[in-house]
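Notes for the structure review
Given next are the chains, with one letter for each unit.
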Amino acid sequence: MRKRMPWIMPVVALGAVLALVAVSCNGGGSGGDVDSIAKERGLSQEDIEAAVQTYTPSGEHDPYIMFASGGHGGQIHVIGVPSMRLLRTIGVFTPEPWQGYGFGGETSEAVLDEGNVAGKEVRWADTHHPALSETEGDYDGQAIFINDKANGRVAVVDLRDFDTKQIVKNPLVINDHGGTKVTPNTDWVVEGGQYATPTPYTNYAPISDYQSKYRGMVTFWKYDKEARRIDTAQSFAMELPPYWQDLCDAGKLESEGWVFCGSFNTEMATGGIEDGNPPFEAGASENDMDYLHVINLNKAAEVAQSQAQDINGMKVLPLQAAIDNQLLYFVPEPKSPHGADVAPKGDYIVVSGKLDPHVTIYSFKKIQDAIEKGEFEKDPFGVPIINFDDAKEAQVELGLGPLHTEFDDKGYAYTSLFLDSAVARWSLGGDYNDDGWKLESKVPVQYNIGHLSTPEGDTVSPDGGYVVALNKWSIDRFFPTGPLLPQNFQLINVADNGDMKVVYDMPIGFGEPHYVQIIKADKLEPFEVYPEVGWDPGTMAVNPNAAKAGEEKVVRNGNNVEIWSTAIRSHFTPEHVEVQQGDNVTWHLTNLETSQDATHGFALPGYNISLSLEPGEAETINFVADKPGVYTWYCTEFCSALHLEMMGYFFVQPSG
């Protein structure tokens, strides 16, 4: 895959900017040269340089594509880098009307229904951590996974058409902040837990039984790369002590086959401020250290075949089995950590404690040496604890509130500093740099940064050049649209000499996007049109029941009415459909177009139906015609000069 040449984008952009200036000098704008335009707008030389570094001419594609979680919106946003242009929002856990996702189409309704919780329809989510599929530790552009913290769910999005294909509800837990991360060949999708509950969460136990009845959890979803689906039958979970597990990362290269998960509330605080007890914020942050969970996933997968118990339809390795089979170890980590990040060679694990100014770097080799030595203390549940100094490689003081770390291609790491509202750049030691393990520079961001990301920054071959800061609030940055502030993505350009400059602010008004991953654009090979007319996005194959040109019809069988309908510029066939009130209607629609600019929509107001029919796509809707009257359906995409004429009448005769 091609590497980014740092000088190319500025030179291309500068040429485009100069071209625009030339146009303006010839009457195509406000007039004037660069200096006069800058003076008129109050722009500094630094502002102009930032514009040059991010400007992407119309028709030019970004070299990187960023996938951002949609936060409380429950979606995924697709954004170009460095232009920071929003390209698409993918409906995942929540309906998305433009794409017809969750508005009557049989395929999307079935996917959303997979995510129902305990028999209740759930159509909202809190998406947190997207994870791109990998092959040999590199992003392969095939799929992306994302978790729903609120409801303990994981979704699979196929990047051939950027559609959600599967939602799995974890039957054991109600929350899962620690998902998703994938192993280097996407054999497993790791879903870390969050708050301890009884197992499963639908069991009741009083909080007074916290230590005996409540447990933590990490789940390993088996992924079938050929089918591009999670195989729930081959998946399993591991029971953990009732600490609050958090973000996980999968080992790679040297550490492949192992998983590392942060945790907090090793105090096992149970709250109850209303009863005079310490609040969670105090009780869960008393200890100087929490525990990094070190898990032998390869061995756990073998043990689960014979020793897992069935709980709520899920295979679960009991905590004692994990201890007895030497699958689980703890390493003390600075208090209130938020994740564990594995370095590109898999040799180091970086952990940040939000209440400690350092990043702590653990050596995988030292951890393995300590395990081999076998001299452990035990936690209250019998889990072996590796001595902190035996596992630690280094600590680097960065600033206040360190959170997440990603890496570049030159042996440097980038860590977000929540309280300092800054990004720290620091050097890795060992095989990465002779003179490492030190802070190199910082750049302020606006503000209260959470996650950050570098291009392909958590793979075995990260790129350099950019950092994206995901800031929680944007006070004073944009026009205020009420008390609720947008989040702020800031693009940071990292020069070859290591200097960092914020070059773009991008407001995100979609909830709280929590984390992003950035992939080389040339690794993605999406369909431009579906491979064949009659294509079912659910099965990724031609639907044998799809409506075909010249075979459109309406068939009645008792009170069941089945319709085969086609769409092509600029009409539907048929244009009149008549049914009786109370009929069960099954309506098959096919977009017969095979050109890229020929998406059609199908909206049937009054029946809450809206579809997006991309070129070649077939879809089916099922509903009861329970309301009499005359309803119009129409194409919702402005597909041609005769777009307004692309409609039809749906007649529902009153019963009796």
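What comes next concerns the included structure. (Residues numbered from 1 in each chain as written. Predicted model: local features only at pLDDT ≥ 70, side-chain atom pairs only at ≥ 80, totals over all residues. Heavy atoms only, no water.)

This next bit is on the state of the cysteines. In total, this model carries 1 disulfide according to the counting rule given. Covalently, Cys248 is tied to Cys261 through a disulfide, its sulfur atoms 2.1 Å apart. In this structure the cystine formed by Cys248 and Cys261 twists about its S-S bond by roughly 105°; its chirality is therefore right-handed. Here the residue Cys248 occupies a position in strand β12 (residues 244–250), and Cys261 occupies one in strand β13 (residues 258–264), the gap between them amounting to 13 residues. Across the pair, exposure class does not vary: Cys248 and Cys261 are buried alike. Summary of cysteine pairing: Cys635 is not part of a disulfide, and the nearest cysteine sulfur, belonging to Cys639, is at 3.9 Å. The exposure class assigned to Cys635 is buried, which follows from its relative accessible area of 1%. By relative accessible area, which is 9% here, Cys639 ends up buried. (Disulfide = S-S within 2.5 Å. Helix = DSSP H or I, 4+ residues; strand = E, 2+ residues; numbered from the N terminus. Buried < 20%, exposed > 50% of the residue type's maximum accessible area, 1.4 Å probe, protein only.)

Quick look at the packing of aromatic side chains now. Applying the stated criterion to the full structure yields 33 aromatic pairs. With a centroid separation of 5.0 Å and an interplanar angle of 85°, the aromatic rings of Tyr195 and Trp244 are classed as edge-to-face. Here the residue Tyr195 occupies a position in the loop between β9 (188–192) and α5 (210–213), and Trp244 occupies one in strand β12, the gap between them amounting to 49 residues. Residue classification places Tyr195 among the partly exposed positions, given a relative accessible area of 37%. (Phe/Tyr/Trp six-rings, centres within 6.5 Å; stacked < 30°, edge-to-face > 60°.)

Between side chains of opposite charge, a pair can form as their charged atoms come close. On inspection of all chains with the given rule, the structure shows 27 salt bridges. A salt bridge links Arg88 to Asp163; the nearest nitrogen and oxygen atoms lie 3.2 Å apart. Highlighted residues: Arg88 in strand β3 (residues 86–91) and Asp163 in strand β7 (residues 163–169), separated in sequence by 75 residues. Residue classification places Arg88 among the partly exposed residues on the basis of a relative accessible area of 21%. (Salt bridge = Lys/Arg side-chain N within 4 Å of Asp/Glu carboxyl O.)

Val218, Phe220, Phe236, Met238 and Leu317 are the most contacted members of the largest nonpolar core, which has 36 residues in total. Considering each element in turn, this core owes the most residues, 5 residues, to helix α7 (residues 297–307). When neighbours within four sequence positions are excluded, Phe220 is seen to be in contact with Trp188, Val189, Val190, Ser235, Phe236, Met238, Val259, Ile295 and Leu297. Val577, Val585, Tyr607 and Ile621 belong to the second largest nonpolar core, which has 25 residues in total. (Core = buried A, V, L, I, M, F, W, Y, C linked by side-chain atoms within 4.5 Å. Contact = heavy atoms within 4.5 Å.)

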